[in-house]
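One-letter residues, chain by chain:
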Amino acid sequence: MTKLAVIGSGYVGLSTGVGLCLLGHAVTCADIDPQKISILNSGESPIAEDGLNEGISQCLSANTLAFTTDVINAISEAEVVFLCLPTPQGDDGSADLSHIEAVSRQIGSHLQAGTVVVNKSTVPVGSSVVVAEWLGRTDVSVVSNPEFLRQGTALHDFLHPTRIVVGGDNEEAVDKVVSLYAAVDAPILRMNAASAEALKYAANSFLATKLTFINAIADICELVGADIFDVVGGLGLDPRIGDQFLNPGPGWGGSCFPKDTRALVKIAEGNGYDFALLRGVIQTNDEQYERIALKVVELCGGSVNGKTIASWGLTFKANTDDLRDSPAIAILSTLHSMGARIRAYDSAARGVEQYPWIERCESALDACDGADALAVLTEWPEFSSVSPQEVFKKLSHPAVVDGRNVLNPSNWKDVGFEYRGVGRA
Ligand code: UGA
């Protein structure tokens, strides 16, 4: 059992901390937010993540997990310290490392000799070297161990990863981090820190590119009378392409893809490479939000001014409570700026009050009450089982934009709806 500290108890930090604890280590998770720490100390997760509540209770009862706001105390006996801090998008598009800098400077002089500091946060290539400078210690090593966790299934992904990537120049430190994952069955990839940091950006940017590509093909399908489901079905059977991450939708969002793609463009630019392909992906994704908003406008007869739009879903994808960079918010905000009133239903979304122009409703049907059109913007499973007949009775005009292709078009058309999906008629 190795003594570990995890600094930052957000989606990545909590899943990492609880995951490491379930792998048999003694973990102290620290966070600057006292409210979050008190919820955690009461045995609950402050965020919606599958299995996290159970994991926290299990580890707290085994006495192998602790939560604190005292960062110095958390690291005082730790052999390995994981930095799981936010790296938001800075004003110029590059990653803002101020949280990592502040914590590194704060803990530097308090670390035990020989401690390994692990960068889990997504950080620009070269950050391991910079973090080492901020720590100001020659007897402490910095290792990059990027995460590939999907929100919603982060704990499962931590315990069952597709690969474990550990990058660093000090072999002993790399071995130490690798040894923490001894109980996990996954390929271990050792490399230098720059490669591990680049790999993380490459993975997210590739996935974003794949989605933008399929969204573009979906748009073309609409224009030429093709059906994206048939196209994707045939594409996915080619193992070089693969059948995952090919669901067309309202554009990608979330806490990672938007900032990571922009940061990679900046990293490339800073090194003299114009990543025109990725710039195009980002722009096309922004246009996709616009395209979905315009479908709603079209179904409302060319203007949404004074109209009421019902939205099913607010989170950036299903199975999360997270609104960060949600396509739904971008689309609804466009419609709102055109004069629409917005009524929305999402059973999980947290922090909706920061958008006072969204009227939050109690149910999917309630959101439709008197609305001029319905937009489905998050793929929550419950939406596909709502009866179109019931929705028909609620709306003042039977129009639906299925931005996630979760409804059965013929069922809705049979009831009398004007239906617009993504990539299909
Ligand atoms: C993403 C990556 O999938 C993780 O591997 C990575 O570790 C994580 O970012 C991170 O950097 O921390 P996440 O942001 O949780 O994970 O979300 P995804 O499930 O990848 O979805 C991203 C966006 O793409 C969402 O808006 C989602 O709705 C959209 N999407 C995804 C589609 O529109 N279609 C799909 O087929 C899949």
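Scroll up to find the structure.
Everything in this summary refers to the structure shown in the same document. (Residues numbered from 1 in each chain as written. Predicted model: local features only at pLDDT ≥ 70, side-chain atom pairs only at ≥ 80, totals over all residues. Heavy atoms only, no water.)

A word on the environment of E269
- The topology assignment puts E269 in helix 11 (residues 257-270).
- Expressed as a C-alpha distance, the spacing of E269 and R324, which sit 55 residues apart in the sequence, is 26 Å. (Helix = DSSP H or I, 4+ residues; strand = E, 2+ residues; numbered from the N terminus.)

Some points on the sheet that holds strand 13 (residues 399-402)
- With respect to topology, six strands assemble into an open sheet ordered 11-10-9-12-13-14, the strand pairing being parallel. This sheet does not close on itself; its edge strands, each paired only once, are strand 11 (358-360) and strand 14 (418-420). Here the average twist between neighbouring strands, direction ignored, is 20°.
- Inspection of the sheet shows strand 13 paired to strand 14 by three bridges, in the parallel sense. Across the sheet, residue A399 finds its bridge partner in strand 14, namely E418.
- Packing of helix 12 (residues 276-299) onto the sheet brings it into contact with strand 9 (308-312), strand 12 (373-376), strand 13 and strand 14, and relative to strand 13 it is tilted by some 170°.
- Its contacts with the sheet put helix 13 (residues 327-337) on strand 9, strand 10 (341-345) and strand 11, and the angle it makes with strand 10 is roughly 155°. (Pairing = 2+ DSSP bridges. Axes fitted to C-alpha atoms, helices over the stretch in contact; angles between N-to-C directions. Contact = heavy atoms within 4.5 Å.)

Points about the site of the ligand
- By nearness alone, 19 residues border the ligand, and E147, Q151, K200, N204 and R404 come closest of all.
- Between N247 and the ligand, the recorded distance is 2.9 Å, taken from a backbone N or O atom to a nitrogen atom.
- A total of 720 Å² of accessible area belongs to the ligand in isolation, and the protein chains cover 92% of it.
- Breaking the shell around the ligand down by element, the ones donating at least two residues are helix 9 (193-224) and helix 11.
- Ranked by residues supplied to the shell around the ligand, first place goes to helix 9 with three residues.
- When grouped by side-chain class, the residues that make up the shell around the ligand number nine nonpolar, four polar and six charged.
- Residue-level mapping places the shell around the ligand at the junction of two domains, with at least three residues from each of domain 1 (3-191) and domain 2 (222-425). (Near = heavy atom within 4 Å. Polar contact = N/O pair within 3.5 Å; in protein donor to acceptor, adjacent residues only side chain to side chain. Areas by Shrake-Rupley, 256 points an atom, 1.4 Å probe, with all protein chains shown as cover. Nonpolar A, V, L, I, M, F, W, Y, C, P; charged D, E, K, R; others polar. Domains from an automatic or database assignment.)

Here we look at the packing of aromatic side chains
- Under the definition given, this model contains ten aromatic pairs.
- Here Y345 and F383 contribute two aromatic rings whose centre-to-centre distance is 6.2 Å and whose plane-to-plane angle is 70°, an arrangement assigned as edge-to-face. Note that Y345 is positioned in strand 10 and F383 in the loop between strand 12 and helix 15 (388-394), a separation of 38 residues in sequence.
- Accessibility expressed as a relative area gives 9% for Y345, which makes it buried.
- Summarising the aromatic geometry, the rings of F392 and F417 are spaced 5.8 Å apart at their centres and angled 85° between planes, so their arrangement reads as edge-to-face. Here F392, found in helix 15, pairs with F417, found in the loop between helix 16 (409-415) and strand 14; they are 25 residues apart in sequence, far enough to count as distant.
- In this arrangement the basic side chain of R163 is found over the ring face of F148, its NZ or CZ atom lying 3.7 Å from the centre. (Phe/Tyr/Trp six-rings, centres within 6.5 Å; stacked < 30°, edge-to-face > 60°. Buried < 20%, exposed > 50% of the residue type's maximum accessible area, 1.4 Å probe, protein only. Lys NZ or Arg CZ within 6 Å of the ring centre and 35° of its normal.)

Overview of the side chain of S121
- Mapped onto the fold, S121 is located in the loop between strand 5 (116-119) and helix 6 (127-135).
- On the basis of relative accessible area, S121 is assigned to the buried category, the value being 8%.
- Side-chain polar atoms of S121 contact the backbone oxygen of L83, separated by 3.2 Å.
- Every residue in contact with S121, bar those within four places of it in the chain, is listed here: L83, C84, L85, T87 and I100.

Some details on the nonpolar core
- Core analysis: the largest hydrophobic core is formed by 38 residues, its most contacted members being L20, V27, L65, F67, F82 and Y181.
- Once residues within four sequence positions are removed from consideration, L65 is found in contact with G17, V18, C21, V27, C29, I56, C59 and L60.
- Listed in part, the 35 residues of the second largest apolar core include I214, I309, A340 and A375. (Core = buried A, V, L, I, M, F, W, Y, C linked by side-chain atoms within 4.5 Å.)

As for the pattern of salt bridges
- What the rule picks out here adds up to 26 salt bridges.
- When the shortest N-O distance is used, the salt bridge between D260 and K259 registers 3.0 Å. For the pair shown, D260 and K259 are each scored as buried.
- In this structure, D321 engages R350 in a salt bridge whose closest nitrogen and oxygen atoms are separated by 2.9 Å. In this pair, D321 sits in the loop between strand 9 and helix 13 while R350 sits in the loop between strand 10 and strand 11, placing the two residues 29 residues apart along the sequence. (Salt bridge = Lys/Arg side-chain N within 4 Å of Asp/Glu carboxyl O.)

Considerations on the environment of G17
- Mapped onto the fold, G17 is located in helix 1 (residues 11-22).
- As for G17 and A5, which are separated by twelve residues in sequence, their C-alpha atoms are 7.9 Å apart.
- For G17, the residues in contact, after removing those within four places along its chain, are V6, V27, C29 and L65.

What about the state of the cysteines?
- Following the criterion strictly, the structure yields zero disulfides and no others.
- Lacking any disulfide linkage, C21 is separated from the closest cysteine sulfur, that of C59, by 3.4 Å.
- Free cysteine: C361, not disulfide-bonded; nearest cysteine sulfur from C368 at 8.7 Å. (Disulfide = S-S within 2.5 Å.)

Quick notes on the packing of helix 12 against helix 13
- Two elements in contact, helix 12 and helix 13, have axes whose closest approach is 9 Å; the angle formed by their N-to-C orientations is 50°. Comparing their axes, helix 13 and helix 12 come out oblique. Crossing of helix 12 against helix 13: the hand is right-handed. In this structure, helix 12 uses Y289, E290, I292, A293, V296 and V297 to contact helix 13, whose residues at the interface are P327, A330, I331, T334 and L335.
- When the residues that make up the contact of helix 12 with helix 13 are grouped by side-chain class, the tally is nine nonpolar, one polar and one charged. (Parallel < 35°, antiparallel > 145°, perpendicular 65-115°, else oblique. Left-handed = near helix turned anticlockwise from the far one by under 90°.)

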